[in-house]
There are 2 protein chains.
Amino acid sequence: MYGRYTQELGVYAKEEAARLRESGQRRSVSDRSRTLDLLEYDKGRCAKCRICTVRCQKFLISRVGEDWIFLILLGLLMALVSWVVDFCIAICLQAQKWMYGGLDSNVFLQYLAWVTYPVVLITFSAGFTQILAPQAVGSGIPEMKTILRGVVLKEYLTFKTFVAKVIGLTCALGSGMPLGKEGPFVHIASLCAALLSKFMSLFGGIYENESRNIEMLAAACAVGVGCCFAAPIGGVLFSIEVTSTFFAVRNYWRGFFAATFSAFIFRVLAVWNRDEETITALFKTRFRLDFPFDLQELPAFAVIGIASGFGGALFVYLNRLIVQFIRKQKAINRFLMKKRLLYPALVTLLVSTLTFPPGFGQFMAGKLTQKESLVTLLDNRTWAKQGIAEEFDYIGHSQAWKHPQVNVFVTLVLFIVMKFWMSALATTIPVPCGAFMPVFVIGAAFGRLVGESMAAWFPDGIHTDGTIYPIVPGGYAVVGAAALSGAVTHTVSTAVIVFELTGQISHILPVMIAVILANAVAQSLQPSLYDSIIRIKKLPYLPELGWGHHEYYNIRVEDIMVRDVRYITLNCCYRDLHNVLLTGHLKTLALVESAESMILLGSIERAQLQSLLSQQLGRPRRLQYIRERAAAEKKRLSVVSNPGSEDDSQRASQEVRFQVRVTESSFSPTRPVPLKPLKPALKRSSVVERPTEIPTSKTHTHTHTHTQIQIAEWEEKQLDEQVNFNNCKIDPAPFQLVERTSLHKTHTIFSLLGLDHAYVTSIGRLIGVVSLKELRKAIEGSVTVKGVKVRPPLASFRDSGTSSSENEATELHKLWDRHKSMSLPREHTPSESDEKSQ
Amino acid sequence: MYGRYTQELGVYAKEEAARLRESGQRRSVSDRSRTLDLLEYDKGRCAKCRICTVRCQKFLISRVGEDWIFLILLGLLMALVSWVVDFCIAICLQAQKWMYGGLDSNVFLQYLAWVTYPVVLITFSAGFTQILAPQAVGSGIPEMKTILRGVVLKEYLTFKTFVAKVIGLTCALGSGMPLGKEGPFVHIASLCAALLSKFMSLFGGIYENESRNIEMLAAACAVGVGCCFAAPIGGVLFSIEVTSTFFAVRNYWRGFFAATFSAFIFRVLAVWNRDEETITALFKTRFRLDFPFDLQELPAFAVIGIASGFGGALFVYLNRLIVQFIRKQKAINRFLMKKRLLYPALVTLLVSTLTFPPGFGQFMAGKLTQKESLVTLLDNRTWAKQGIAEEFDYIGHSQAWKHPQVNVFVTLVLFIVMKFWMSALATTIPVPCGAFMPVFVIGAAFGRLVGESMAAWFPDGIHTDGTIYPIVPGGYAVVGAAALSGAVTHTVSTAVIVFELTGQISHILPVMIAVILANAVAQSLQPSLYDSIIRIKKLPYLPELGWGHHEYYNIRVEDIMVRDVRYITLNCCYRDLHNVLLTGHLKTLALVESAESMILLGSIERAQLQSLLSQQLGRPRRLQYIRERAAAEKKRLSVVSNPGSEDDSQRASQEVRFQVRVTESSFSPTRPVPLKPLKPALKRSSVVERPTEIPTSKTHTHTHTHTQIQIAEWEEKQLDEQVNFNNCKIDPAPFQLVERTSLHKTHTIFSLLGLDHAYVTSIGRLIGVVSLKELRKAIEGSVTVKGVKVRPPLASFRDSGTSSSENEATELHKLWDRHKSMSLPREHTPSESDEKSQ
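Chain A has the name Chloride channel 2c in an unreviewed UniProt entry, where Lates calcarifer is given as its organism. Regarding chain A, the UniProt comment filed under Subcellular location (unreviewed entry) reads as follows: "Membrane".

Spelled out as structure tokens, the structure:
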């Protein structure tokens, strides 16, 4: 199922990556300079020739740094991947059909073939991704959204994941299960971009910049959607809506450029492969152009929109329910966890049994693949002519919708209902898969149902001006597909995707109306599918503000901030540092001038402080102290001990004692305290040091009491020393807010800058801190948590006697005492200070 | 021509608006509460009934606050405005045709009618806007871009401007000049939104929030484009690209919702008016669907794109050249300024003379209106069949392109060349007008030219697979229109607009390729038309970073910041304040703890400081001092003087002396200094006070030397007092950057948050300031200005011995001395500190 990720891992990964990058850079630079040096001294025949070659190479390399080369390469690569994946999927599906068709003599054998094939493929896909890269499971859009917000997810953009995702996706889709390729393709494109970036950084320097890489990832998301549907514009818009909260218009062209190129190559490959005569849309429709729909049909389109909104919300809810149900049921969970491949196999078995064409599948067009279903649903002919479905001459794949006994309406309803829960269930399988395409098909079926009903109801069309324009149910299918997929993903750009997929834009107004209504309904009921997965996976996120909640303008930062901020002062000693590290679990700590003034100077990462502390009490300093003490002892007693191996081991054993004593001394110098409390503070350093020390401590357990006391004293002295911040990386300008900043503005700034936390200051003094957690709680309304308090919404006239202003007053008095002769502002007009805090 | 606006005016307008808003709010609140109070005490028959009514009213009012109601109203209003404007324009054009057609007996009369009509209309339009609201002149998109950046432009969103813009635009377009309605419609929609917002704020509270208003303005821009072309998606995208640098995806739905509704109503009005049978595209095309174009035609489309890129850049250059030429030529300028209406009349005369159908107009389809030209250009028939243009059966408007003697190619070339400079010239006329539509038509003509050439070159199409698909020159016209308008406006979304305008999306790939190529060429040559106008009008702006300039990652804030920051300290006296105000002209000043520590506490607006200073030395305090002194004098001398009018006038005369003395004393207590230097510092207060004082000073010029000295002493004492910041609004968290922040990130943050300036701090200490000006200079490369220094681009390996680090070191030593026993960090790894400064 879904894994859980903590941000801690991400931070670690980031550090690791930075370290690796630095060393890599140094190496490549030295390599290159060596080559040139060599050439200059090599005065042979071809020296000139070689120098010329090197220069050309250099020029080429500098060109390689250009964005457009990168984007073209990315587009080309993704188009090829998309085409190859499509090709393989087509072969897989053909193979299944061939097997099923060849065994038509025996229904049981046919059933076995029909069922075994997908079960094997899905099981292989699940097993393969599980073994190679479990990060490849699922859609990938939620993770990309998190990554584009600035969070580094470990192992998410590696070559292993790429391989696992591509092969896993091909097998999963080849099985014929109701799964989509669009979400995974966003992930694959991002993987491509990250790998390409890494590859290109072997040549040039610019690929090491982090903000550039983020920009390229954003473009890659557009490419992913673009080359999946051959829909460059829709791809760009969809990826923006799905992955970003604020979008830089200057990145716009990158997405368009790469997605267009990718879509172009993707379609050209089809032409070269003789699948198509020229470049056209993927699911080309042929609705009439002169009179696409009548004004009086608009209510029907609006109904499709509203119903799709409810349907979309239901789909998201159902999907989450299944995941949570399986997680909660411990018995099921334990069983499934043991045999990780059992769950996918069972789900596949169930789904493929139900779609078995001679069985229940005959009532729901079970023998059609996803693509075939979509093509038939978007057909411009009317199935239910004159209310009698049987009269219609079904040809090609449309025949699958016709059942001798059952009305076409029943088939459609069954198809919608069955596919709905099947898709919701199938997308929980731990294979690389998306939910866009299944939802799209269900939406198209729903639209077709409404359209066929309309056609049956008004057999001659509803236009009254003489000319008869019959109703086109295919147009309804287009509207339904856009509306339902828009509702599930909370996007408006599915409308554009639909136009690009069908190659016709004549239904623009109905589609837009339906998509907007579907979004309005779905957004007020449920989060989007991707946000839902983000919450299930517990990825760091910031909820959207939603439609027109005005109270966000009236809640202020002072209402939600945590007032009890952990901080360290510029002149603190190591003991304070140690205590602060023990009590809190924040990733960064505020550095203030002094506890009285509370003037914010910057923030320091927890890891930095930990390394400071371990440096002060660490191995080298201890060794030095022991050496010094030993020298002093030597002088005092004039006893020469045997140097060498025994001395070394004794030193080591003393170190262990130090380690233990450090913990004790941090609480009181006399009372012995268990080892644990130090652990969180010195976690990393102790983990690194212990394994080498424990064996030696077992061999040498005898220590002098005299030494112990001396060492304890030394530790005490060390802890009482003032902290030396020299080698510590301080962020000198952490983001600051003012108490009066509104929740709306805070949300905007957090999402704009991808912040994790921000300090609240008042005239330079630190008075609180707001983190993503507080913000999330304030927005989602669950604000009964300790230290978090929210004013009633719409409390626009603020009374002055609140606790916050009292606090402010007392805090101010402190500052006042310090600068006795001067005065400070007591009141700001809220609106003014708010406006200026930009 | 174009006016000039300074930001100062905007700030003043903002303050005024805030004042008005506050007083208005107070009034309405008290009104409402009074009504309820009255009702509660009114225990008559209908009391219950009335209370119920009030509650219903309240509920309705709270509903009115919802965004979607506002958006629906906005969409409805704009659709009506757009339709009415279109209707009036159509009538105007018909009238011209009717006049021209009726006088076909006499060519001279015909010419007079053809020429007089547009001259009168344009002159009226220019005069009307000039008198009513000169802000209505021009496109309006540059101004909206500036307003959405957070700058308040005075008088830009008033009812007067609305009326002037709508009527001026109708007349200007009714004249048949090559002008567009799309730019002005963005402005009109924004005006509508602002006025609607003002109107709605009479009911509810939420309409007073500034950030909400900005969001609504962004949606209004989308509505403007959407209802102008009936292109909701293209409208939203175009408005985003043209007006924003960073776009909040959460505002996305607003634009879509309002633009869709608006486009829907706009087209429904056409159906109700029996212009159309049902809702379709504005310029519907009927290209074949099954084989829109061949792969081998793509090079031709690419050529259109590249040529359009050059053409677009040339258009922007030409437009700017004309404006600058007319401005520079003083003789012309003086003449034109005197007779403001002469320039529009002359330009109109020239253009309409050249398009006179029996004259030169016959060679360039002069008798067609803009709309008719576009319809004929997008025709799906081929004009140049088999290379012989005469063979084609021209019907309808297409006949205008046919000339008995002249080839259709010559007509097209003449049309393109003439319309090109005409449009560039016409858009400089001071009437409300846009340039999008003329450019669009020129682009379509160019595309048609290429298409006809291709059709002549390959009369049987270039497909070799048996079936013959002839070339569709109309498709080339579509591509050309999108490419040229994209190049002029630097947008990609013209592609989407084209699809929505024509109702066909089959040419998506050629259009996208051409638009991207055109953008690539045009963006590397010239700014967009709107940015060009912004620069001409000297509106505050931030240039874009452009395509792939990597050096921006390597320039750091420390290279461009101004190190000599004006600041005031917390314990400064009024004399320091006065000196600071005299020497600089910054709008805000930094407040630091003390000159030694330089810890940044906040920033104060210049106006605030001025009022502080004038308060300290102002009238009430002086009167008080005089009264006190008089009382003391009275006691000492025991001389009772005559109270009443004479005493008052004497007091006043003394005040004037004070006023003068203040200036002198601020420099040295003995030397007299002219009055001027005080002016900048006390500008507003002195302006307010002087008129009442000067008359009295003339009547009483006799003063005692004794009093003078005493007063000088008093002033000295006043200036030496410490500043009381109690009543001063301090922005407690001005935006801070770190020295190592890259130019790229600085640009991002400035455009994200709409900043005007940011302080550069190092561990809480203020070390510099970066304003929009420095940033602009650094980006545009003109960096030889005093105090601004830029590293050579691509200097990625930074040497440690630069001046900045030395500075840093000395600054650090200062702080060191203060906290002697502790130490501070000396070095940060650049990449780390950079990453964390988010």
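### Some thoughts on the domain arrangement of chain A
Considered domain by domain, chain A is made up of domain 1 (1-35), domain 2 (63-273), domain 3 (295-384 + 399-537) and domain 4 (551-616 + 723-782). Put simply, the middle of domain 2 of chain A and the middle of domain 4 of chain A, counted by C-alpha atoms, are 39 Å apart.

### Comments concerning unusual backbone geometry
Residue and element names in this part refer to chain B. Even without a glycine there, the phi angle at Ala230 is positive, about 55 degrees. A positive phi angle is found at His490, which is not glycine, with a value near 55 degrees. Topologically, His490 is positioned in the loop between α17 (473-489) and α18 (494-502). On the basis of relative accessible area, His490 is assigned to the buried category, the value being 16%.

### Describing the side chain of Ser239 of chain A
Residue and element names in this part refer to chain A. Looking at the secondary structure, you find Ser239 in helix α9 (residues 232-243). Polar contacts involving the side chain of Ser239 include one to the main-chain carbonyl oxygen of Val236, which spans 2.9 Å. Apart from residues no more than four positions distant in its own chain, Ser239 is found in contact with Ala218, Cys221, Ala222 and Ser244.

### Some remarks on a nonpolar patch on the surface
Together, Leu73, Leu76 and Leu80 of chain A make up an exposed nonpolar region whose accessible area comes to about 210 Å². With a relative accessible area of 33%, Leu76 of chain A lands in the partly exposed category.

### Some thoughts on the packing of helix α3 (residues 67-102) of chain A against helix α4 (residues 107-132) of chain A
All names here are of chain A. Where α3 contacts α4, the axes come no closer than 9 Å and their chain directions differ by 160 degrees. Between α3 and α4, the crossing angle belongs to the class labelled roughly antiparallel. Read as a crossing pair, α3 and α4 show a hand that is right-handed. In this structure, α3 contributes Cys92, Ala95, Gln96, Met99 and Tyr100 to the contact, and α4 contributes Gln110, Ala113, Trp114, Tyr117 and Pro118. For the contact of α3 with α4, the class distribution of residues is 8 nonpolar, 2 polar and no charged.

### Details of the sheet that holds strand β2 (residues 567-569) of chain A
Residue and element names in this part refer to chain A. The strand order across the open sheet built from 4 strands is β2-β3-β4-β5, with neighbouring strands paired in mixed fashion. In this open sheet, the two strands that pair with only one neighbour each are β2 and β5 (730-731). Where strand β4 (residues 600-605) and β5 come together, 2 bridges link them in antiparallel fashion. Across the sheet, Ser603 pairs through a bridge with Asp731, a residue of β5.

### Digging into the packing of aromatic side chains
As enumerated under the stated definition, the model contains 34 aromatic pairs over all chains in all. Measuring from centroid to centroid gives 6.0 Å for Phe293 of chain B and Phe301 of chain B, while their planes differ by 85 degrees, and the two rings are edge-to-face. As far as burial versus exposure is concerned, Phe293 of chain B and Phe301 of chain B are alike and both buried. Chaining the aromatic ring pairs together yields one cluster made of Tyr100, Tyr111, Trp114 and Phe356 of chain A. Its guanidinium or amino end placed over the ring of Phe185 of chain A, Lys181 of chain A lies 4.7 Å from that ring's centre, counting from NZ or CZ.

### Some remarks on the sheet that holds strand β8 (residues 765-771) of chain B
Whenever strands of a sheet pair, they do so through backbone hydrogen bonds, lying parallel or antiparallel. Taken in spatial order, the 3 strands make up an open sheet running β6-β7-β8 (chain B), and their pairing is mixed. The sheet is open, and its two edges are formed by β6 (736-737) and β8 of chain B, each paired on a single side.

### Re the pattern of salt bridges
Residue and element names in this part refer to chain B. A full pass over the atoms with the stated rule returns 12 salt bridges over all chains. Close ionic contact of Lys181 with Asp86 constitutes a salt bridge, the shortest N to O distance being 2.7 Å. In this pair, Lys181 sits in the loop between α6 (159-174) and α7 (182-200) while Asp86 sits in helix α3 (residues 67-102), placing the two residues 95 residues apart along the sequence. By relative accessible area, which is 9% here, Lys181 ends up buried. Between Glu452 and Arg448 there is a salt bridge, with the nearest N and O atoms lying 2.7 Å from each other. In this pair, Glu452 and Arg448 both sit in helix α16 (residues 436-457), 4 residues apart, roughly one turn of the helix. The two residues Glu452 and Arg448 agree in class, both being buried.

### Looking at the environment of Pro299 of chain B
Position of Pro299 of chain B relative to the elements: it lies in helix α11 (residues 298-328). Spatially, the C-alpha atoms of Pro299 of chain B and Asn106 of chain B are 49 Å apart, while their sequence positions differ by 193 residues.

Criteria and thresholds
Residues numbered from 1 in each chain as written. Chains lettered and ligands numbered in written order. Predicted model: local features only at pLDDT ≥ 70, side-chain atom pairs only at ≥ 80, totals over all residues. Heavy atoms only, no water. UniProt positions renumbered as here; feature names shortened; annotations may be inferred. Domains from an automatic or database assignment. Helix = DSSP H or I, 4+ residues; strand = E, 2+ residues; numbered from the N terminus. Buried < 20%, exposed > 50% of the residue type's maximum accessible area, 1.4 Å probe, protein only. Polar contact = N/O pair within 3.5 Å; in protein donor to acceptor, adjacent residues only side chain to side chain. Contact = heavy atoms within 4.5 Å. Patch = residues over 30% accessible without salt bridge, like charges linked within 9 Å, V, L, I, M, F, W, Y side chains within 5 Å. Areas by Shrake-Rupley, 256 points an atom, 1.4 Å probe, with all protein chains shown as cover. Salt bridge = Lys/Arg side-chain N within 4 Å of Asp/Glu carboxyl O. Axes fitted to C-alpha atoms, helices over the stretch in contact; angles between N-to-C directions. Parallel < 35°, antiparallel > 145°, perpendicular 65-115°, else oblique. Left-handed = near helix turned anticlockwise from the far one by under 90°. Nonpolar A, V, L, I, M, F, W, Y, C, P; charged D, E, K, R; others polar. Pairing = 2+ DSSP bridges. Phe/Tyr/Trp six-rings, centres within 6.5 Å; stacked < 30°, edge-to-face > 60°. Lys NZ or Arg CZ within 6 Å of the ring centre and 35° of its normal.

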